[in-house]
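# Observations on chain architecture
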Amino acid sequence: MVDATAGHELLSFMDAFSRYNQILMHPDDQEKMVFITEKGTYCFKVMPFGLKNVGATYQQLVNKMFAEHLKDTMEVYIDDMLVKSLMAEQRLDHLSQAFTVLKKYNMKLNLAKCSFRVSSGKFLGYMLPVYYVSKSLLDAEARYSQFKKLALALVHASRKLRPYFQCHSIVVLTSFPLKKILHKPELSSRLTQWTVELSEFDISFQPRTTVKSQALADCIADFTPNTTVQAKRELMCMNNRSPSKWTLSVDGSSNMNGNGLGIVLTTPKGDVVQRAIRCGFKCINNEAEYEALIAGLSLAKEIRLRKLEVKSDSQLVVNHLYGIYQARGLKMTTYLNLVKELHNVFKEFSIAQVPRTENTHADALANLGSALQCSSQSSIPLLFLQWLVDWKERPMNEPPEEVMDIELSNTWMTLIVKYLEHNELPADKNEACHLRAKATRFTIYEIQLLRKSFSCPYLKSISPEEAKRVLARTP
């Protein structure tokens, strides 16, 4: 519709009143739209909202109504009508033709949404130009991850609407951090290529707000809820997070020094809650394994977890819960029933046997609990000691180094970091375009700016002061 109005001096916009309710149902179809209420049985005499083909039916109606004037003096999209005149003197004649058709078919207008005598220069002030871009995915593209499909959609739109992308600032409304994804360090070569291609345009990303346009809402509805859920799961995986599921690793130890239990509870964000427990009673190794599991489940229940994944290196305990092994003896049966009672508290529960080499954290805590001779709760801090990489023995006659405070100042990295983290760009349009293109080769990983080299390894970015210190240490 935007291209169809080029060169016209005056435009008039009209909006049909009540949209689809102006279409009368065929008498034979009225009884097929029956619905029952408390006051009786009713049927629709006009086309109701919500039908799958109602938009196409309405479009066919207006196409037949204005068939003589379409592409000449009128453009029609569902309930939006546009009367266009190459010269201002023709406006009344063209409007008269349109109103004659409206009166013939008894179609009413919504005057609150009608605008007459609009100059072409003010067109964008009255009409939102909407382009629909579609693409059938190839066999390989259909197997892309959902985030890769989102990036492909943006790239395809930029190729199809290249003149508009080049002339205007583009705002992408999305619920997903697409900008951060395009600058992640573990990008594939294809995503890197797309990032460089998009850097040519002035593109910014904003969270998607409420969509009021029905046409845009119908378009967005094609991005099905299942696809949205899959994209959210991929986002969690890219951020090294599982979907709100906690992990419990347990182990028991029984030896001549005593009995100990090890519990490691890991949050979805990677935080760890760890416990080393010493048992004040004697038990064999299998009983210690059950005691560790019960203690871990009790802790998870206490903090009201809903989803829990348990890892244990005890083949007996895991197979008891799966019903592969039969619990023998009163003590084993009692342990098993207690564990089943506890795991029913959780909305999602799973247990898996892991090799001892993958359960070293809980094993170390269990050994600590069995080795320490204590009868009260205590806290033992764990410290980490490391030699300096560049440590050298100082000669006797060498004076000590003087360490001076360095005043932090802006470096060549400052603008790139501000753009990647906060989407800040220089006020000058040319400088902003140059910075966007330059930033496609950079990413931020663990608060460190890295540059993507052509041979795949990432290069550490440093300030000029750091560069001088590195060169000074180089033999």
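Anything mentioned here points back to the structure above.
Here is a short report on the structure shown in this document. Note that the structure is a prediction, hence the values are computed from the model and not measured.

### Overview of the overall build of the chain
In terms of regular secondary structure, the chain is built from 17 helices and 16 strands. Considering the chain as a whole, with its 475 residues, one finds that 35% of them fall into the buried category. Pairs at least 24 apart in sequence give 66% of the contacts found in the chain among residues at least 6 apart. Summed over all atoms, the accessible surface of the chain reaches about 31700 Å², with 55% contributed by carbon and sulfur.

### What to know about the pattern of salt bridges
Taken as a whole and assessed by the stated rule, the structure comprises eleven salt bridges. Across the pair K245 and E348 runs a salt bridge whose closest N-O atoms are separated by 3.8 Å. You can see K245 sitting in the loop between α10 (225-238) and β9 (246-255) and its partner E348 sitting in strand β13 (residues 348-353), a full 103 residues away along the chain. Between D313 and R356 there is a salt bridge whose closest N-O contact spans 3.9 Å.

### Looking at the sheet that holds strand β4 (residues 74-77)
Pairing in this open sheet of four strands is antiparallel, and the strands run β4-β5-β1-β6 from one edge to the other. Strands with a single pairing partner mark the edges of an open sheet, and in this sheet they are β4 and β6 (115-119). For this sheet the average axis-to-axis angle between neighbouring strands, irrespective of direction, equals 20°. Helix-sheet contacts for helix α3 (residues 91-104) involve β1 (10-15), β4, β5 (80-85) and β6, and the interaxial angle to β5 is about 150°.

### As for the state of the cysteines
All chains considered together, the criterion is met by zero disulfides. The thiol sulfur of C283 is not disulfide-bonded, and the nearest other cysteine sulfur, from C279, lies at 4.9 Å.

### A word on the packing of helix α11 (residues 285-302) against helix α12 (residues 315-322)
One way to put it is that α11 packs onto α12 with a least axis distance of 9 Å and a crossing angle of 65°. Here N286, E289, Y290 and L293 of α11 lie close against α12, whose contacting residues are L316, V317, H320 and L321. Classifying every residue of the contact of α11 with α12 by side-chain character gives five nonpolar, two polar and one charged.

### Let's talk about the sheet that holds strand β14 (residues 442-445)
Taken in spatial order, the three strands make up an open sheet running β14-β15-β16, and their pairing is antiparallel. Among the strands making up the open sheet, the edge pair consists of β14 and β16 (458-460). The mean inter-strand angle of the sheet, taken between neighbouring strand axes irrespective of direction, is 40°. Where strand β15 (residues 448-452) and β16 come together, three bridges link them in antiparallel fashion. Paired with R451 across the two strands is L459, which belongs to β16.

### Re the packing of helix α15 (residues 414-422) against helix α16 (residues 429-439)
Across the interface, α15 lies against α16 with an axial gap of 10 Å and an inter-helix angle of 80°. As judged from the angle between their axes, α15 and α16 are roughly perpendicular. In this structure, α15 uses L415, I416, Y419 and L420 to contact α16, whose residues at the interface are L435, R436, K438 and A439. Of the residues assigned to the contact of α15 with α16, the class counts are six nonpolar, no polar and two charged.

### Thoughts on unusual backbone geometry
Of note, K71 is a non-glycine position whose phi angle comes to about 70°, a positive value. Within the element layout of this structure, K71 appears in the loop between α2 (54-65) and β4. Given the relative accessible area of 68%, K71 is considered exposed. At N423, a residue that is not glycine, the phi angle is positive and equals roughly 60°. As for its position among the elements, N423 is in the loop between α15 and α16. Accessibility expressed as a relative area gives 27% for N423, which makes it partly exposed.

### So, the side chain of R436
With respect to the helices and strands, the residue R436 is situated in helix α16. Filtering out sequence-adjacent residues up to four positions away, R436 remains in contact with S199, F201, D202, I203, Y419 and L425.

### Describing the packing of aromatic side chains
Across all of its chains, the model carries eight aromatic pairs by this definition. Consider the rings of F35 and Y42, whose centres lie 6.1 Å apart with planes at 25°: the pair is stacked. We classify F35 as partly exposed; its relative accessible area is 33%. By relative accessible area, Y42 is classed as partly exposed at 40%. With a centroid separation of 6.2 Å and 20° between ring planes, the pair formed by F346 and F349 is classed as stacked. Overall, F346 belongs to the buried group, its relative accessible area being 6%. With a relative accessible area of 23%, F349 lands in the partly exposed category.

Basis of the calculations
- Residues numbered from 1 in each chain as written.
- Predicted model: local features only at pLDDT ≥ 70, side-chain atom pairs only at ≥ 80, totals over all residues.
- Heavy atoms only, no water.
- Helix = DSSP H or I, 4+ residues; strand = E, 2+ residues; numbered from the N terminus.
- Buried < 20%, exposed > 50% of the residue type's maximum accessible area, 1.4 Å probe, protein only.
- Contact = heavy atoms within 4.5 Å.
- Areas by Shrake-Rupley, 256 points an atom, 1.4 Å probe, with all protein chains shown as cover.
- Salt bridge = Lys/Arg side-chain N within 4 Å of Asp/Glu carboxyl O.
- Pairing = 2+ DSSP bridges.
- Axes fitted to C-alpha atoms, helices over the stretch in contact; angles between N-to-C directions.
- Disulfide = S-S within 2.5 Å.
- Nonpolar A, V, L, I, M, F, W, Y, C, P; charged D, E, K, R; others polar.
- Parallel < 35°, antiparallel > 145°, perpendicular 65-115°, else oblique.
- Phe/Tyr/Trp six-rings, centres within 6.5 Å; stacked < 30°, edge-to-face > 60°.

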